[in-house]
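The lines below spell out each chain.
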Amino acid sequence: MIPLPTSVLVFSAALAAAAAPPLPPAALAPPQIVTSASGEARLAPDRANILIGVQTRAASAAIAARDNNARQQAVIAAIVAVGIPRQQISTENYNVYAETRTDPAGQNPKVTGYVVTNVVRVEVRRTDQVGPVIDAGLAKGANQINSLEFFSSNTDAGRRQALAEAIGKARGDAEAMARAANGGLGQLLELSTEDTGPRPMVRSAEMYKAGAAMAAAPIEPGELTLRVAVTARWQFVPNQ
């Protein structure tokens, strides 16, 4: 075989490149429509967490702790007596610190006593037990209700309801955008979601701090709001 001249080979390669179809530019990619929307559902709380504390003061840490232990044991026994199993009661915090006093110049601190705080978390699985638990604890020596949180133990049905609402809103917005752009929606390309709740409903408990005798604690669980957000992407189909 007689080899071709180099110039002929280069010319043949150039002809092959010219005959290949051009790659489509990125600007010719099908247009898309992206929308985001949120949906929500209302839930009735069926559970609660209560932080119940006993705080004591004494000249020594040992005496303050002994007094605290006796009172907190009485509080726990009273909570159990109203129907809360012990496995739903756990220690949240135990703290001991010295109280001090300084001279008028703010110098020479002197210990004047010791403070012991013991806080237990009570998981209440029926909201109608919240008031009796608080009343029982206060009656037996608790002097702090640090927080009261309501929450729902089952959010699946509400979450799906919120998702359906959010997706419907997102599609409605996308269809309106497509019509305004003289076209319609093609196939769904992507769909994602993000939960934004519910968060526990926290009630201020300052009114329950120890003091004078008080009537039964009025407790209203109210409602929780579960929210979800979705983002959807559709292909845009122009009208012919």
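For the structure, see preceding data.
Parameters at a glance
- Positions within a chain are numbered from 1, following the residues in the order the chain's sequence is written.
- For a predicted model such as this one, the threshold for reporting local features is a pLDDT of at least 70, and the threshold for listing and counting side-chain atom pairs is 80 or more; totals across whole chains, interfaces and linings nevertheless cover every residue.
- Side-chain measures here rest on the full set of heavy atoms in the structure, leaving out hydrogens and waters.
- Helix and strand assignments follow DSSP, with helices taken as H or I runs no shorter than four residues and strands as E runs no shorter than two, numbered in order from the N terminus.
- Buried residues are those whose accessible area, probed at 1.4 Å on protein chains only, stays under 20% of the maximum for their type, while exposed residues exceed 50% and partly exposed ones sit between those limits.
- Whether two residues touch is decided by their heavy atoms; if any such pair falls within 4.5 Å, the residues are in contact.
- Every accessible area reported is derived by Shrake-Rupley at a probe size of 1.4 Å, with residue values counting cover from the shown protein chains alone.
- How far a helix is expected to stretch is found by multiplying one less than its residue total by 1.5 Å.
- In this scheme, strands are said to pair when DSSP sees at least two bridges between them.
- Only the stretch in contact is used when a helix axis is fitted, and all axes are lines through C-alpha atoms; the angle between N-to-C directions ranges over 0 to 180 degrees.
- What we call a nonpolar core is a set of buried Ala, Val, Leu, Ile, Met, Phe, Trp, Tyr and Cys residues that are connected through their side-chain atoms within 4.5 Å.

**Q** Looking at this model, I keep getting lost on the overall build of the protein chain. Mind explaining?
**A** Summing up its helical and strand segments, the protein chain has four helices and eight strands in all. Scored against the burial criterion, the 240 residues of the protein chain give a buried share of 32%. For the protein chain, contacts bridging at least 24 residues in sequence account for 82% of all contacts bridging at least 6. Summed over its atoms, the accessible surface of the protein chain is roughly 14,600 Å², and 55% of this surface lies on carbon and sulfur atoms.

**Q** Before we go on, may I ask you to explain helix α4 (residues 156-180) in this structure?
**A** The periodicity of an α-helix, 3.6 residues per turn, causes residues three or four positions apart to be oriented the same way. The end-to-end C-alpha separation of α4 is 36 Å, in line with the 36 Å expected for 25 residues at 1.5 Å each. Turning to α4, its buried residues are Gly-158, Ala-162, Leu-163, Ala-166, Ala-170, Ala-174 and Ala-178. Here the buried face of α4 lies against β1 (32-43), β6 (183-195) and β8 (224-238). Of the residues flanking the end of α4, it is Asn-182, one or two places downstream, whose phi is positive at about 60°.

**Q** I'm lost on the sheet that holds β8 in this one. Help?
**A** Within a sheet, neighbouring strands are paired by backbone hydrogen bonds and run either parallel or antiparallel to one another. Taken together, the three strands give an open sheet; going across it, the order is β1-β8-β6, and neighbouring strands pair in antiparallel fashion. Strands with a single pairing partner mark the edges of an open sheet, and in this sheet they are β1 and β6. Each adjacent strand pair in this sheet contributes to an overall mean axis angle of 25°, direction not counted. Pairing between β6 and β8: ten bridges, direction antiparallel. Across the sheet, Glu-190 pairs through a bridge with Arg-233, a residue of β8. In this fold α4 packs onto β1, β6 and β8, with an angle of close to 150° to the strand it touches most, β1.

**Q** Sorry, what's going on with the nonpolar core here?
**A** Among the nonpolar cores identified, the biggest contains 21 residues, and Ile-50, Ile-52, Ile-79, Val-122, Val-124, Val-130 and Val-133 are the most heavily contacted of them. Elements with a contribution of two residues or more to this core: β2 (47-58), α2 (61-81), β4 (110-124), α3 (130-139) and β5 (144-151). For Val-124, the contacting residues outside a window of four places in its chain are Asp-46, Arg-47, Ala-48, Ile-50, Ile-84, Gln-129, Val-130 and Val-133. In terms of nonpolar packing, the next biggest core, distinct from the first, is built from 17 residues, Ala-162, Ala-178, Leu-224 and Val-230 among them.

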